[in-house]
Amino acid sequence: MSQVLENIKTRRSVRSYQDAQIPREQLEQILTAGLYAPSAKNSQLCQFTVVQGKEKLEALRDAIAKAIHNPDYHHFYNAPTLVMVSAPKDYPLAVPDCAVALENMFLAAHDLKLGSVWINQLGGICDQPEIRSILTKYGVPESHNVYGCAAIGYPAVEIAPDRENRDKVVFA
Ligand SMILES: Cc1cc2nc3c(=O)[nH]c(=O)nc-3n(C[C@H](O)[C@H](O)[C@H](O)COP(=O)(O)O)c2cc1C
């Protein structure tokens, strides 16, 4: 099997991370993978906002917990890096463009032996005032929504690849 297929088949969402930060060089490679993702009409409208550091991550996490009325919200699974992928609210293909960029980043992270997982909660709450104020502070344009985030770090658990879904493939 090619390395690319092997990488796709063995990637899994990681939901427990070590405290150690990922090297800047690896982060840059992951971001490059996101930047090289396909986009509708090659519009390349996604922005990748990197959030690192306990204080910033906790401020965002606490605001999300408040916005979704869940005081127990503990995500981002202790990951030391969060990449928020945003695009203009009025761009009709924002969701698929952000999604393919995220998958590119997940695969790049896995290739680098890092863990990652999609964090979805910001999707519908970006314009709640407390969330928007943090997003603005972190550099997300007011005209953007965050359509998904990648939590990235060194896995604290081993993930077993265990999926076979051939029944989802149909030849007409
Ligand atoms: C659109 C989307 C939203 C997701 N949101 C979350 C999330 O908020 N938190 C989380 O832990 N996993 C999230 N996931 C990860 C899925 O739960 C995960 O991909 C799925 O269970 C399959 O497992 P795997 O990634 O290990 O193959 C999301 C995945 C997608 C595609």
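For the structure itself, look to the data block above.
Since we're looking at a predicted model, the values are computed, not measured.

**Q** Can you break down the site of the ligand residue by residue, with the values?
**A** The immediate surroundings of the ligand are formed by Arg11, Arg12, Ser13, Arg15, Tyr77, Val117, Trp118, Ile119, Asn120, Gln121 and Arg163. Between the ligand and Ser13, the relevant distance is 2.6 Å, taken from an oxygen atom to a side-chain nitrogen or oxygen of the residue. Notes on the ligand: free accessible area 620 Å², of which the protein chains cover 61%. Across the shell around the ligand, the residue classes break down as four nonpolar, three polar and four charged.

**Q** An account of helix H3 (residues 54-67) is needed here, citing residue identities and associated values.
**A** When the terminal C-alpha atoms of H3 are compared, their 20 Å separation across 14 residues agrees well with the 20 Å that a helix rising 1.5 Å per residue should span. Looking at the buried residues of H3, the elements they touch are strand E1 (47-52), strand E2 (81-88) and helix H5 (129-138).

**Q** Help me get a handle on the pattern of salt bridges, residues and values and all.
**A** A complete count under the given rule lists five salt bridges for this structure. Where Glu28 meets Arg24, a salt bridge forms, and the shortest distance between an N and an O atom there is 2.8 Å. Residue Glu28 and its partner Arg24 are both found in helix H2 (residues 24-35); the two are separated by four residues, about one turn of the helix. As a salt-bridge pair, Arg132 and Asp127 come within 2.9 Å of each other at their nearest N and O atoms. Because the salt bridges share partners, they merge into one network encompassing Lys89, Asp127 and Arg132.

Reading the values: the criteria
- Residues numbered from 1 in each chain as written.
- Predicted model: local features only at pLDDT ≥ 70, side-chain atom pairs only at ≥ 80, totals over all residues.
- Heavy atoms only, no water.
- Near = heavy atom within 4 Å.
- Polar contact = N/O pair within 3.5 Å; in protein donor to acceptor, adjacent residues only side chain to side chain.
- Areas by Shrake-Rupley, 256 points an atom, 1.4 Å probe, with all protein chains shown as cover.
- Nonpolar A, V, L, I, M, F, W, Y, C, P; charged D, E, K, R; others polar.
- Helix = DSSP H or I, 4+ residues; strand = E, 2+ residues; numbered from the N terminus.
- Expected span 1.5 Å × (residues − 1).
- Contact = heavy atoms within 4.5 Å.
- Salt bridge = Lys/Arg side-chain N within 4 Å of Asp/Glu carboxyl O.

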